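Fold and contact review
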Amino acid sequence: MAYFLFYKKIQNITQIKFPKTLETIEYNSFCGLTNLSSLTIPGNVKEIGSCSFQNCGNLESVVIEDGVEKLGGYVFNDNINLDEIELGKTILEIDGVAF
């Protein structure tokens, strides 16, 4: 029950600002944020975990800045409106079905 109540509240999130100290976005962290339309991942983040932004139905554009090195599997999977992705030059690894 508590999970459901929390999940309903996060559905209203329209933007995310990541702290400068964040190095890893963990597995499934922002999955299902249906009101998120754009996203910028700063270079201090080194790894974006699997399924982190899966099923964000209104996500249209993503910028991944230089510094990010790894994208986990299914990280942007099932985002039917995603039509623009800018990848940083430092990405070394992209796991299967990332997009």
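A quick note: this is a predicted structure, and the numbers were derived from the prediction, not measured. (Residues numbered from 1 in each chain as written. Predicted model: local features only at pLDDT ≥ 70, side-chain atom pairs only at ≥ 80, totals over all residues. Heavy atoms only, no water.)

The next point concerns the packing of aromatic side chains. By the definition in use, this model includes four aromatic pairs. Residues Phe53 and Phe76 carry aromatic rings whose centres are separated by 5.6 Å and whose planes lie at 10° to one another, so their mutual orientation is stacked. With Phe53 in the loop between β3 (47–48) and β4 (61–64) and Phe76 in the loop between β5 (70–71) and β6 (84–86), this residue pair connects regions lying 23 residues apart in the sequence. By relative accessible area, which is 0% here, Phe53 ends up buried. By relative accessible area, which is 2% here, Phe76 ends up buried. Ring geometry for Phe76 versus Phe99: centroids 5.9 Å apart, planes at 10°, classification stacked. (Phe/Tyr/Trp six-rings, centres within 6.5 Å; stacked < 30°, edge-to-face > 60°. Helix = DSSP H or I, 4+ residues; strand = E, 2+ residues; numbered from the N terminus. Buried < 20%, exposed > 50% of the residue type's maximum accessible area, 1.4 Å probe, protein only.)

On to the pairing of strand β2 (residues 38–41), then. The alternating pattern of β2 places Leu39 and Ile41 on a buried face and Ser38 and Thr40 on a face that is not buried. As paired elements, β2 and β4 share four bridges and run parallel to each other. Its bridge partner lying in β4, Ser38 is registered against Ser61. (Pairing = 2+ DSSP bridges.)

A separate point is the pairing of β4. Along β4, the buried face is formed by Val62 and Ile64; none of Ser61 and Val63, which line the opposite face, is buried. Note: β4 against β6, three bridges, orientation parallel. Residue pairing in the sheet places Val63 in a bridge with Glu86 of β6.

Attention shifts here to the sheet that holds β6. Note on sheets: strands pair through backbone hydrogen bonds, and any given pair is parallel or antiparallel. Ordered by their spatial adjacency, three strands build an open sheet running β2-β4-β6, and the pairing between neighbours is parallel. Each edge of the sheet is formed by a strand with only one pairing partner; in this case those strands are β2 and β6. With direction set aside, neighbouring strand axes in the sheet form an average angle of 5°. (Axes fitted to C-alpha atoms, helices over the stretch in contact; angles between N-to-C directions.)

This next bit is on a nonpolar patch on the surface. A cluster of nonpolar side chains, contributed by Ile85, Leu87, Ile94 and Phe99, occupies part of the molecular surface with about 330 Å² of accessible area. One can find Ile94 in strand β7 (residues 93–94). (Patch = residues over 30% accessible without salt bridge, like charges linked within 9 Å, V, L, I, M, F, W, Y side chains within 5 Å. Areas by Shrake-Rupley, 256 points an atom, 1.4 Å probe, with all protein chains shown as cover. Salt bridge = Lys/Arg side-chain N within 4 Å of Asp/Glu carboxyl O.)

Okay, the side chain of Asn77 next. Examined against the element boundaries, Asn77 turns out to sit in the loop between β5 and β6. Residue classification places Asn77 among the buried positions, given a relative accessible area of 13%. Ignoring any residue separated from it by four or fewer positions in sequence, one finds Asn77 in contact with Gln54, Asn55, Val97, Ala98 and Phe99. (Contact = heavy atoms within 4.5 Å.)

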